[in-house]
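The primary structure of each chain is shown beneath.
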Amino acid sequence: MTVPALLSPTRWAEAIFDFYYVIVQHIIVWLFKPPPPPGPDYPKCPKGRIAVVGAGLTGVSSAAHAIAHGFDVVIYEQGDSVGGIWAHVNKTSGLQLNSLLYRFHPAIIWSKSFPQRDEILKEIRRIWREYQLEPRTRFNSPVTSVRRVKGTGERLEQDPSGSQSRWIVNDGEDGEFDAVVVTVGTCGEPMRINFPGLPSAHEDSSDDGKDEKHEGTEKDEVFEGDVIHSSELDDAQLEGKRILVIGSGASGVEAVETALAKGAKQCTMVARDDKWIIPRNMVFDTLISAQPFGREMPLSFIWEKIVAMWNYRGAPELVPARAGLFEGTPIVNDEFIVHVKAGKCQYVRGDIERFSKNGVRVKVRGREDKPGEGKEEKEFDGDVVVLATGFKKPTIDFFKEELFPEGYERPNLYLQNFSTEDWSVLATNSAYQNAIGTVGHFHIGMYMRILLTFLMDPDARPTPKDMKLWVDVIRFVKRGAQGGALSFFTYMELTIWLVLFHVFRLDRLKWVFFIMQGWGVYPAEYKQAKHA
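Residues numbered from 1 in each chain as written. Predicted model: local features only at pLDDT ≥ 70, side-chain atom pairs only at ≥ 80, totals over all residues. Heavy atoms only, no water.

As for a nonpolar patch on the surface
Worth spelling out the cut-off: For patches, a residue must show more than 30% relative accessible area and have no salt bridge; joins then use 9 Å for like charges and 5 Å for nonpolar side chains, namely Val, Leu, Ile, Met, Phe, Trp and Tyr. What sets the accessible areas is the Shrake-Rupley method with a 1.4 Å probe; for residues, cover comes only from the shown protein chains. When a carboxyl oxygen of Asp or Glu is within 4 Å of a side-chain nitrogen of Lys or Arg, the pair counts as a salt bridge. Put simply, DSSP H or I for four residues or longer makes a helix, DSSP E for two residues or longer makes a strand, and each gets a number counted from the N terminus. Whether a residue is buried, partly exposed or exposed follows from its accessible area with a 1.4 Å probe, protein chains only, as a fraction of its type maximum: under 20%, in between, or over 50%, in that order.
A surface patch of nonpolar side chains, about 1000 Å² in accessible area, is lined by I16, F19, Y20, I23, I27, W30, L31, F513 and W519. Per-element tally for the nonpolar patch: the top contributor is helix α2 (residues 9-32), with 7 residues. Mapped onto the fold, I27 is located in helix α2. The class of I27 is partly exposed, set by a relative accessible area of 44%.

Written out as structure tokens, the structure reads:
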């Protein structure tokens, strides 16, 4: 390395930042990491048993918190590895937010601000092993049935402190459980949309995961190029090719970046809806997520103006005209708008009419037009179509009880995560729709510790009536919110919910440091084994 490079102010600034970044993380670990069990045989005298459905990031974190506080767990995973959606995305996929805002467990140590897939999976697996979850995980075990043990939970409304459900998963081979935590997330199988003229996908994917082609949905011409989903870009040959990206969400933006990095000649993104794109700046993103109302407010335009001036400078035509910043999940990205301004990616608002042999025909819309209002049809050529159409939402129809009645189904749950019919059913990150925040942060542990509190302290438990009242109050406070009261929230709003959970029930205040910080409730048998 040359002397000028060593003396570069930028290099020194980065080195200082990296040093403090690691120091801050170790302080967080020291303050908040719950000690893992001393061995695979612990806990020998569990406080209760919990079934966790899904071995993704949320499932592993939830199980690690439970076992750290003396509860035994069994994790059911339909696949053959841990990691959830992170095990099925491109290796170039990474965090949109700074990793200090993506601490899905207090023991995490990130090496950089925006880690990519492999490092994220490495940390998930490390937590899984450190907290003795490997022998407690049932791979290739899809959950098809969760049913309440007969005679339990019959008086949850009349006597919540004296009535508790117990649960059996599948055939009951693992025995009865005191609670069920559903962590199936919001991203299941890749969603493929068969537009007219697009080669249809077989019901079962081919070995390499790409679409096999056969006759289209009409007898007209069929697109002759390759068609892949945005999660299948790792092995795609894109150098020198023209890429048509269908979809304008986070996966579409990432697909454009990946394609250009692989040497694509040109990208064209076809967007049905505009999405807000905010900068990758931890302070800025934290301030936006600190909006406490969880909806568009009269002064929200101020934030929108700031984002437009900061991130859309030189490209005002890309600023969403019909969507508010606090109405949907924004994309966190610094490069996409730069690519559009540089002419590397063409951004097209429009409705797809059909695909032709060489491209796609689109009814192009103006910035102010609604979907369906496009008038001018244009054709855009391409060699490869990337379907950035997202993922199917996993179902939770394996419950045999009526736990999610009409009006109180996902996302209209107690604290947005508990079934309003039974406090022993928690659906962390499985009711999420839109938010400004992150699914992989400290709330995972907080929700788990609320459930553990309910199990340990019968007096802290809510009745179904109480839980429905909470949902109804949020609906009243956020009446008129786009998409519904609980379909969008900010991280500050979530924090307020958790604080008021204690304030409105003073008998829960004794648990506040356990729930909010994870302090206390360290099993005596762990201490004895540690000092033996």
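Comments concerning the sheet that holds strand β4 (residues 146-148)
Note the following rule: When DSSP finds two or more bridges between two strands, those strands count as paired.
Read across the sheet, 3 strands follow the order β4-β5-β6 without closing on themselves; strand pairing throughout is antiparallel. Looking along the sheet, the strands with just one partner apiece sit at the ends: β4 and β6 (176-177). Two strands pair when backbone bridges link them, and β4 and strand β5 (residues 167-169) are joined in this way by 3 bridges, in the antiparallel orientation. By the bridge assignment for β5, R147 is matched with I168.

A short note on the sheet that holds strand β15 (residues 376-381)
Put simply, the rule is: Every angle, taken between N-to-C directions, lies between 0 and 180 degrees, and every axis is a line fitted to C-alpha atoms, over only the stretch in contact when it is a helix. Contacts are residue-level and defined by heavy atoms, with any inter-residue pair within 4.5 Å sufficient.
Across the sheet, 7 strands lie side by side as β8-β16-β9-β10-β13-β14-β15; this open sheet has mixed pairing. Of all strands in the sheet, those with a lone pairing partner are β8 (226-229) and β15, marking the two edges. Averaged over all pairs of adjacent strands, the angle between their axes in this sheet comes to 40°, without regard to strand direction. With 6 bridges joining them, strand β14 (residues 359-364) and β15 adopt antiparallel strand pairing. In the strand pairing of β15, K363 is matched with E377. In the packing of helix α5 (residues 250-261) onto the sheet, contacts are made with β9 (242-246), β10 (266-271), β13 (345-355) and β16 (384-387), and the angle to β10 comes to roughly 170°.

Concerning the side chain of D351
Along the chain, D351 falls in strand β13. Taking the relative accessible area as the measure of exposure, D351 reaches 11% and is therefore buried. In this view, D351 contacts R272, R361, V362, K363, R365, P371, G372, E373 and G374; residues no more than four positions away in its chain are not counted.

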